[in-house]
Amino acid sequence: MGFNAKLGYSPEGIGFLGEGGSVYIIAGIQWLDMDVNSEHEGTLLNGEKLTGAYGKSLSAIPWLAGGGIEIGGKKGRLDLRAIYTRYDADFRLEEVNTPDLRYDLRYEYEVSEWGVYLGYTWSLGFGLGI
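Residues numbered from 1 in each chain as written. Predicted model: local features only at pLDDT ≥ 70, side-chain atom pairs only at ≥ 80, totals over all residues. Heavy atoms only, no water.

A. Summary view of the overall build of the protein chain. When its secondary structure is counted, the protein chain shows zero helices and seven strands. Start at the N end of the protein chain and walk to the C end: the helices and strands fall as β-β-β-β-β-β-β. Taken across its 130 residues, the protein chain has 28% of its residues classed as buried. Long-range contacts, defined as pairs at least 24 residues apart, comprise 60% of the intrachain contacts of the protein chain with a sequence gap of at least 6. Accessible surface, the protein chain: about 9300 Å² in total, of which carbon and sulfur atoms supply 57%. (Helix = DSSP H or I, 4+ residues; strand = E, 2+ residues; numbered from the N terminus. Buried < 20%, exposed > 50% of the residue type's maximum accessible area, 1.4 Å probe, protein only. Contact = heavy atoms within 4.5 Å. Areas by Shrake-Rupley, 256 points an atom, 1.4 Å probe, with all protein chains shown as cover.)

The following block contains the structure:
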């Protein structure tokens, strides 16, 4: 779930864009729910095994930015865009497994993505003269 804003320009006289073509930039924020599951295993200096598992539900707010072009007429256009998305999620877990050992686990995730999208835009008009 999210919100995107698209700001564009339809230049007159640029032949390859067509009658309804445009160039634009796009920016937005999204809401992302995720489940993170982790397992850890190790051995202490005295040979004792140390294992555990942890899971948590998290929410993140990715942001996105990009741009694109629309090529075609006023009723229908081919849409080509490139978008960069990024978000961070982190949480901390503190556990004590033995009387003389305490460890502090911190999980940090940084995710970024480049995407290239190809679509088709079809304008209905609704009596607006389009």
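B. A look at the side chain of Ser22. Relative to the helices and strands, Ser22 is located in strand β2 (residues 22-30). Classification of Ser22 by relative accessible area gives buried; the value is 8%.

C. Structural context of the pattern of salt bridges. With the rule as written, the count across this model stands at four salt bridges. Residue Glu70 pairs with Arg77 through a salt bridge whose shortest N-O separation is 3.0 Å. Arg77 carries the same exposure label as Glu70, and that label is buried. With a shortest N-O distance of 2.7 Å, Asp79 and Arg81 are connected by a salt bridge. Bridged by salt links that share partners, the residues Lys6, Glu70 and Arg77 form one connected network. (Salt bridge = Lys/Arg side-chain N within 4 Å of Asp/Glu carboxyl O.)

D. Quick look at the pairing of strand β3 (residues 32-43). Of the pairings in the sheet, the one linking β3 to strand β4 (residues 49-60) comprises 12 bridges and is antiparallel in character. Its bridge partner being in β4, Gly42 is matched across the sheet by Leu50. Counted between consecutive antiparallel strands, the loop separating β3 from β4 contains five residues, among which Gly47 sits at a positive phi close to 90°. (Pairing = 2+ DSSP bridges.)

E. Structural context of the environment of Gly42. Considering the arrangement of structural elements, one finds Gly42 in strand β3. Overall, Gly42 belongs to the partly exposed group, its relative accessible area being 24%. Note: C-alpha distance between Gly42 and Gly52 (10 residues apart in sequence) is 9.4 Å. With sequence-adjacent residues up to four places away left out, Gly42 is seen in contact with Glu48, Lys49 and Leu50.

F. How the structure looks around the nonpolar core. In terms of nonpolar packing, the biggest core is built from nine residues, these being Met34, Val36, Leu58, Ala60, Tyr87, Ala89, Phe91, Leu105 and Tyr107. Of all the secondary-structure elements, those providing two or more residues to this core are β3, β4, β6 (76-98) and β7 (101-122). For this core, the element with the highest residue contribution is β6, accounting for three residues. (Core = buried A, V, L, I, M, F, W, Y, C linked by side-chain atoms within 4.5 Å.)

G. Broad picture of a nonpolar patch on the surface. A cluster of nonpolar side chains, Phe16, Ile71, Leu78, Leu80, Val116, Leu118, Tyr120, Trp122 and Leu124, forms an exposed patch at the surface whose accessible area comes to about 1000 Å². For the nonpolar patch, the secondary structure elements donating two or more residues are β6 and β7. The biggest single contributor to the nonpolar patch is β7, with four residues. Among the structural elements, Tyr120 can be located in strand β7. (Patch = residues over 30% accessible without salt bridge, like charges linked within 9 Å, V, L, I, M, F, W, Y side chains within 5 Å.)

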